[in-house]
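Close look at the chain arrangement
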Amino acid sequence: MTSTDTSHPDYFHKVVDCQWACPAHTDVPEYIRLIAQGRFTDAYLVNRHSNVFPGILGRVCDRPCEPACRRGRVEEKPVAICRLKRVAADHKDEYRDRLPAIPTQKNGKKIACIGAGCASLTVANDLMPLGYEVTIFEQFATAGGLMRTNIPSFRLPAAVLDEEIGTIVDMGVDLRLGQRIDSLRALLDEGGFDAVFVGSGAPKGKELNIPGRNEAAANVHIGIAWLESIAFEHVQSVGKNVLIIGVGNTAMDCCRSALRLGAQSVKVMARKPRQFFKASEWELEDAEAESVEIVINRSPKSFVLDNGRLTGMLFEVMEYELDARGRIVAERVAGEEFYPADDVILAIGQENAFPWIERNLGIEFDKWDVPKVDPVTFESTRPGVFFGGDAAFGPKNIIWSVEHGHQAAISIHLRCLGKPVSERPPRGMNLQSRKMGMHEWSYANDYSMTERKLVPHVSLKERFKKINIEVELGFTAEQAAAEVQRCLNCDVQTVFDAKLCIECDACIDICPVDCLTMTAAGPEEELRTRLKAPATNVTQALYVSDALKFTQRVMVKDEDVCVHCGLCAERCPTAAWDMQKSWVKWPHAADHVV
């Protein structure tokens, strides 16, 4: 195995597991340290640079960072990264004067964004400081897209949406509410735009075509449309017995909304066992805390009616056989069960819908009638027309849509400059020593034994009084102060200089997790078995140094188990080890200014 090339930006970036897992590559440890110092506005701006909507995402992000958190490898629970993001948002001071200035002299390029959701807003956020004139067309009377219409206000208050969307609109965006685009051809031919970004989401809920569906139509609702109707106060009540079909995050929002509209019994019907659920574990926990019953292994068979009125549903009881890896290898029907229902909410998925895009514009569609979109540039097969968010590759989550917006903005900027959209700005990385003295660091490297803090919630008695009472209260100052200490500072890297090493073994002796080994070089697969602690997680890199000068052995570090405590650097008598903060530069449109 050759020595590791740490000059490539991705090497140290991948070591910061939370940042690597975040689609927008938010510098998580940096903003957590800023919170620890009480610098909430600075922490908010670190967040906003990459994820654009810290207050929103601090409440409803799908949290891909947390399963990746290194803390979860040394104890059961990861750092509460997402809820700390909310701490910064809730306690920040005025920050708009610290955002990039918007040029009064425009560059002459006009961009249209279809849909005022998170992807389009991110495009506007990135292009407005470069002098573009951005127009966003939104069919509804308010901006926010599915953030507004499909996430209930008891999870995401309207005031939070208004503030963070308003920050972008106030940059000078021409937001045209109540203007639905019915023809892309007309927009392209008559709008005078230099590029068009489609961020219209995946607005079509999937149907359940089983016997009785048409007859029961008055009491069978499509989940995302039903949530939208609640958001706009078109629906204010529901039956006493409600069945939710599906077990994704939309289903969780539907079941909790049903309780707030007066339902007395709410059951979520899942076709498969719990380990196959699409809903996040914390969404399931919040629903079950409100006495929602989740029924597994039930496959819808038919709607049951009596004199034309829905009375319930008939389900097949499923049994499954799993292999050693937990995959379903066989299934069978073990019987049938009836469940009463006054209303049924279908939350079995969402689909893209583009009836307003003519099929002869040079935009190719695939076999699922979805536009073909380049996964790097987000450009369609028609130059100058870009897609992002759910409109590009189907439903994901807000943070993915934000990153789509960042990348599409780069492409739009390149297109308008007359450059190839494939000419992406390079990633970069900076390292800076945290050394203040022989054994002092400019960060806290003590290991905190504190357990993960639970976010306070409004009591069950109080939360159902109004549909817009936010259930999560956020961390108290004391809880936040304790939770930030659980971060292991994974962005403060252990950097090794082989030329300075005298092979004294001091670092190996002091390492609390046995992640360091000096040994003869060899093929990676074989080398992993010879380490002080065998490196079994092949998804995480091994650091391998150049040959050491006395024995020609190599220093090997298993990045998977290192907790960045800095003891190796403190113990090293020659400063061969150093603790250096890594900054990864993930490009945005502003990084390709001409």
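Procedures and definitions
Residues numbered from 1 in each chain as written. Predicted model: local features only at pLDDT ≥ 70, side-chain atom pairs only at ≥ 80, totals over all residues. Heavy atoms only, no water. Helix = DSSP H or I, 4+ residues; strand = E, 2+ residues; numbered from the N terminus. Polar contact = N/O pair within 3.5 Å; in protein donor to acceptor, adjacent residues only side chain to side chain. Domains from an automatic or database assignment. Axes fitted to C-alpha atoms, helices over the stretch in contact; angles between N-to-C directions. Left-handed = near helix turned anticlockwise from the far one by under 90°. Contact = heavy atoms within 4.5 Å. Nonpolar A, V, L, I, M, F, W, Y, C, P; charged D, E, K, R; others polar. Pairing = 2+ DSSP bridges. 1 Å grid on protein atoms, 1.4 Å probe; cavity = no way out; pocket = protein on both sides within 12 Å on 5 of 7 lines; lining within 4 Å. Points joined across faces, edges and corners; volume = space filled by probe spheres on them. Disulfide = S-S within 2.5 Å. Buried < 20%, exposed > 50% of the residue type's maximum accessible area, 1.4 Å probe, protein only. Phe/Tyr/Trp six-rings, centres within 6.5 Å; stacked < 30°, edge-to-face > 60°. Lys NZ or Arg CZ within 6 Å of the ring centre and 35° of its normal. Salt bridge = Lys/Arg side-chain N within 4 Å of Asp/Glu carboxyl O.

Locating Thr551 in the fold gives a position in the loop between strand S21 (542-544) and strand S22 (554-558). Residues Thr551 and Ile114, 437 residues apart in the sequence, show an inter-C-alpha distance of 64 Å. Within the local environment of Thr551, its side chain forms a polar contact with the side chain of Arg553, the two groups lying 3.0 Å apart.

All right, on to the domain arrangement of the protein chain then. Under the domain assignment used here, the protein chain contains domain 1 (9-97 + 427-484), domain 2 (110-147 + 161-203 + 352-417), domain 3 (205-347) and domain 4 (492-582). Each of domain 2 and domain 4 has a C-alpha centre, and these two points are 47 Å apart.

Pairs of packed helices are described in terms of their axes, by the angle between the two and the distance that separates them. Between helix H4 (residues 40-51) and helix H8 (residues 81-91), whose axes approach to 8 Å, the crossing angle comes to 120°. Crossing angle aside, the handedness with which H4 passes H8 is left-handed. Contacts between H4 and H8 involve Phe40, Ala43, Tyr44, Asn47 and Asn51 from the first element and Lys85, Val87, Ala88, Ala89 and His91 from the second. A class-by-class count of the residues in the contact of H4 with H8 yields 6 nonpolar, 3 polar and 1 charged.

What follows concerns the sheet that holds strand S4 (residues 195-198). Strand pairing in a sheet relies on backbone hydrogen bonds. The paired strands run either parallel or antiparallel. Reading across the sheet, the 5 strands line up as S3-S2-S1-S4-S15 and stay open at both edges, with parallel pairing between neighbours. Two strands bound the open sheet, and with one partner strand each, they are strand S3 (174-177) and strand S15 (385-387). On average, each strand axis in the sheet is tilted by 20° relative to the strand beside it, whichever way the strands run. Each of strand S1 (110-114), strand S2 (133-138) and S4 touches helix H9 (residues 118-127); the most contacted strand, S2, lies at about 165° to it.

The space that makes up the second largest pocket amounts to roughly 560 Å³. Elements represented by at least two residues in the lining of the second largest pocket include exactly helix H6 (65-68) and helix H15 (281-289). Element by element, the count of residues in the lining of the second largest pocket is highest for H15, at 4 residues. Residues that form the lining of the second largest pocket fall into these classes: 7 nonpolar, 1 polar and 14 charged. Viewed by domain, the lining of the second largest pocket spans two of them, domain 1 (9-97 + 427-484) and domain 3 (205-347), each represented by three or more residues.

A word on the state of the cysteines. Applying the stated criterion across every chain, the model contains 0 disulfides. There is no disulfide at Cys65, and the cysteine sulfur nearest it, in Cys61, is 6.1 Å away. The cysteine Cys118 is free of any disulfide, with Cys61 supplying the nearest cysteine sulfur at 11 Å. What makes Cys118 buried here is its relative accessible area of 10%.

Tallied over the entire structure, the rule returns 11 aromatic pairs. With a centroid separation of 5.2 Å and 70° between ring planes, the pair formed by Tyr11 and Phe12 is classed as edge-to-face. Since its relative accessible area comes to 10%, Tyr11 is described here as buried. For the pair Phe315 and Tyr339, a centre-to-centre distance of 5.6 Å together with 85° between the ring planes defines the contact as edge-to-face. Placement of Phe315 in strand S11 (residues 309-322) and of Tyr339 in strand S12 (residues 328-340) is noted, with a sequence separation of 24 residues between them. In textbook terms, an aromatic cluster arises when at least three aromatic residues are bridged by ring pairs, as seen for Phe354, Trp356, Phe365 and Phe387. The positively charged end of Arg63 is found above the aromatic ring belonging to Trp282, 3.9 Å away from the centroid. The ring of Phe154 has Arg260 sitting right over it, with the charged end atom 3.9 Å from the ring centre.

Taken as a whole and judged by the stated rule, the model has 53 salt bridges. Notably, a salt bridge pairs Arg96 with Asp170, separated by 2.7 Å at the nearest N-O pair. Residue Arg96 is found in the loop between H8 and S1, and its partner Asp170 is found in the loop between helix H11 (158-169) and S3; the two are separated by 74 residues along the sequence. Arg96 gets classed as partly exposed once you look at its relative accessible area, which sits at 34%. Across the pair Arg553 and Glu503 runs a salt bridge, and its minimum N-O distance is 3.1 Å. One end of the pair, Arg553, is in the loop between S21 and S22; the other, Glu503, is in the loop between strand S19 (492-496) and helix H20 (506-510), with 50 residues separating them in the sequence. On the accessibility criterion, Arg553 (26% relative accessible area) is partly exposed. You can call Glu503 buried: its relative accessible area is 12%. One network of salt bridges, with partners in common, ties together Asp27, Glu30, Arg33, Asp491 and Lys581.

On to H8, then. Of all 11 residues making up H8, 9 are buried, and the element is well covered by its neighbours. Taken together, the buried positions of H8 are occupied by Ile81, Cys82, Arg83, Leu84, Lys85, Arg86, Val87, Ala88 and Ala89. Each element contacted by the buried residues of H8 is listed here: helix H2 (17-21), helix H3 (28-36), H4, helix H5 (54-60), H6 and helix H19 (477-483).

Under the definition given, this model contains 4 cavities of 30 Å³ or more. Empty space within the largest cavity amounts to approximately 100 Å³. Lining the largest cavity are 15 residues, and of these Cys18, Cys69, Cys487, Leu488 and Cys490 sit closest to its centre. When contributions to the lining of the largest cavity are tallied by element, the ones reaching two or more residues are H2 and H3. For the lining of the largest cavity, the element with the most residues is H3, which contributes 3 residues. Residues of the lining of the largest cavity, tallied by class, amount to 10 nonpolar, 1 polar and 4 charged.

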